[in-house]
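Remarks on the overall topology
In case you want the letters, here they are:
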Amino acid sequence: MKLYGKENITAYFTSALRNEMVGHLYIFEGAVGMGKKLLAQYIASMLLCEGLQKPCHRCHHCIKADAGNHPDIIWIKEEDGKALSVETARSFVAEMHIKPFLSERKIYIIPDGETLSPAVQNTLLKVFEEPPPYVTVFVTATTRAALLKTVLSRAMVLPVNAPSLEAMTDFIREEYPAQSENAILIATLANGSIGQASLLSEDDTYLTMRSALYTSLTSLLGERKDIYCILECFETYKTQLAALLSLFSVWMRDVQFAKLSAVPKLLNYDFENEILTFSQSIPATAAMRCYDAAMQVASHIGKGSNYTLWITDFLLQCWRLCHDSHNRRSI
């Protein structure tokens, strides 16, 4: 297990261990996909490791932690994936008073802290206020605002920020060597999310779909009948409509940037020539309205909707925006 872009947090715990100043309650706060749970698991290994370089991945504590079966690293969650109940929280609070099995510490990890009800937080508060000396608790949460002030007052909140593009690229190349050629592209598309980078690296479907859509979007500049090339793409990847509309929106975002910036920073840099050509053919207002249209269709289309009719209407609307004579005078 290796962390990427979390050097400031690991440095803090290295210092805390050295100075015997590890606290009892930490909250890892960050957006979805930032690697908060992986971070909690990694720091838990650090705290239990007997090696000089922590985690060493060689001592018996690290081996068990890496295998996910260390008895002194406990995840507080429901087996069925539902929100933590008061009853389950009480059982873990009682268990915390049982001394560690193999090491000098017991580490409890509470994922998705933003889903904890006030009743559950108040139940856990009992052990947060007077924890056994060997217990350290990690809570992962997308926002501290979801936690009670009484909980926050007893915790140290550590922001988990997005890793740099370089760190993300290193992660992809080292963990998914088969995607080395696409590492920078995937890192850019993941936008700082380790979780998203993993999904994109494990499944080529997204990249294939992206290429098919972006190759067809230039049809918006042709005759009206040409939009059926784009419709075909939407039909092929019908089950991934949200991803398609997101990709479409990012394309139009890049078109606007190319239109308004002398040196545009494109997310889809590998389609730079196509985006520049597209931006030179339509006004920025058309790109903006196409972007808005994608957002509207994403919010309105449902299970009972006629999918093909909705998408065809959406594409025709975008074609008209790109070809509207009033708009084109402002190019």
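First, a word on scope: everything that follows refers to the structure included in this document. The residue count restarts for each chain, going from 1 along the sequence in the order it is written. Local features are withheld for residues below a pLDDT of 70 in this predicted model, meaning they are given only at 70 or higher, and side-chain atom pairs are given and counted only at 80 or more; totals for whole chains, interfaces and linings count all residues. Processing note: side-chain calculations cover all non-hydrogen atoms of the structure and skip hydrogens and water entirely.

Before going further, it helps to spend a moment on the environment of L231. Looking at where L231 falls in the secondary structure, it is placed in helix α11 (residues 228–236). For the exposure calls, accessible area comes from a 1.4 Å probe over protein chains only, and a residue counts as buried if that area is under 20% of its type's maximum, exposed if over 50%, partly exposed in between. What makes L231 buried here is its relative accessible area of 10%. Along the backbone, L231 and F257 are 26 residues apart, and their C-alpha atoms lie at a distance of 25 Å. Other than its neighbours up to four places away in sequence, L231 contacts T308, I311, T312 and L315. Put simply, DSSP H or I for four residues or longer makes a helix, DSSP E for two residues or longer makes a strand, and each gets a number counted from the N terminus. Contacts were defined at the residue level, with two residues in contact if any of their heavy atoms lie within 4.5 Å.

What follows covers the pattern of salt bridges. Salt-bridge detection follows one rule: a side-chain nitrogen of Lys or Arg within 4 Å of a carboxyl oxygen of Asp or Glu. Going through the model one piece at a time under the given rule, you end up with seven salt bridges. The partner of E29 in a salt bridge is R144, and the shortest N-O contact between them spans 2.8 Å. Taken together, the positions of E29 in strand β1 (residues 25–29) and R144 in the loop between β4 (135–141) and α6 (149–152) put the pair 115 residues apart, joining distant regions of the chain. In this structure E29 comes out as buried when scored by relative accessible area, which is 15%. Linked by salt bridges that have partners in common, E223, K225 and D226 make up one network.

Quick look at empty space enclosed by the protein now. Both cavities and pockets are sets of points on a 1 Å grid over the protein atoms alone; in a cavity a 1.4 Å probe fits but cannot get out, in a pocket the set is open with protein on both sides within 12 Å along at least five of seven lines, and lining residues sit with an atom within 4 Å of a point. Grid points are joined across faces, edges and corners, and a volume is the space filled by probe spheres set on the points. Using the criterion set out here, one finds two cavities of 30 Å³ or more in the structure. Of the volumes computed, that of the largest cavity is approximately 60 Å³. K2, L3, Y4, K6, G35, L38, L39, F171 and I194 together form the lining of the largest cavity. Residue classes in the lining of the largest cavity are distributed as six nonpolar, one polar and two charged. Each pocket or cavity is described by its volume, and for the second largest cavity that value is around 30 Å³. L116, Q121, L124, F128, V139, L147 and V151 together form the lining of the second largest cavity. Only Asp, Glu, Lys and Arg are considered charged in this grouping, and only Ala, Val, Leu, Ile, Met, Phe, Trp, Tyr, Cys and Pro are considered nonpolar; every other residue, Gly among them, is considered polar. Taken together, the residues of the lining of the second largest cavity sort by class into six nonpolar, one polar and no charged.

Attention now moves to the layout of surface pockets. Of the pockets and cavities examined, the largest pocket occupies roughly 310 Å³. Contributing to the lining of the largest pocket are T10, T14, L17, R18, E20, Y42, M46, L52, Q53, K54, P55 and R105. If you list the elements that add at least two residues to the lining of the largest pocket, you get α1 (7–18) and α2 (36–48). For the lining of the largest pocket, the leading source of residues is α1, giving four residues. Grouping the amino acids of the lining of the largest pocket by side-chain chemistry returns five nonpolar, three polar and four charged.

Time to look at helix α4 (residues 86–95). Structural remark: α-helix, 3.6 residues per turn; residues separated by three or four positions point the same way. Regarding α4, the residues found buried are T88, A89, F92 and V93. Projection of α4 onto a plane perpendicular to its axis shows the buried side chains occupying an angular sector of 140 degrees, all on one side. Structural note: α4 exposes E87, R90 and A94 on the side pointing more than 90 degrees away from its buried face. The inward-facing, buried residues of α4 abut β2 (73–75), β3 (106–110) and α5 (118–129). Throughout, the arc means that of the directions going from the helix axis to the C-beta atoms.

Attention shifts here to the packing of aromatic side chains. What counts as a ring pair is set by centres within 6.5 Å for rings of Phe, Tyr and Trp (its six-membered ring), and what kind of pair is set by the plane angle: stacked under 30 degrees, edge-to-face over 60, tilted for all other angles. Scanning the entire structure with this criterion turns up 15 aromatic pairs. Ring plane angle 75 degrees and centroid distance 5.2 Å describe the contact between Y4 and F171, whose orientation is recorded as edge-to-face. Residue Y4 is located in the segment before α1, and its partner F171 is located in helix α7 (residues 165–175); the two are separated by 167 residues in the primary sequence. By relative accessible area, F171 is classed as buried at 6%. Taken together, a centroid distance of 5.4 Å and an interplanar angle of 85 degrees make the contact between Y214 and F271 edge-to-face. Here Y214 is found in helix α10 (residues 205–216), whereas its partner F271 is found in the loop between α12 (241–260) and α13 (272–281), with 57 residues between them in sequence. An aromatic cluster of three or more residues is present, and its members are Y12, F13, Y26, F28 and F138. Over the face of the ring belonging to F257 we find R253, whose NZ or CZ atom lies 3.8 Å from the ring centre. Cation placement over rings: the criterion is NZ of Lys or CZ of Arg within 6 Å of the ring centroid and within 35° of the ring normal.

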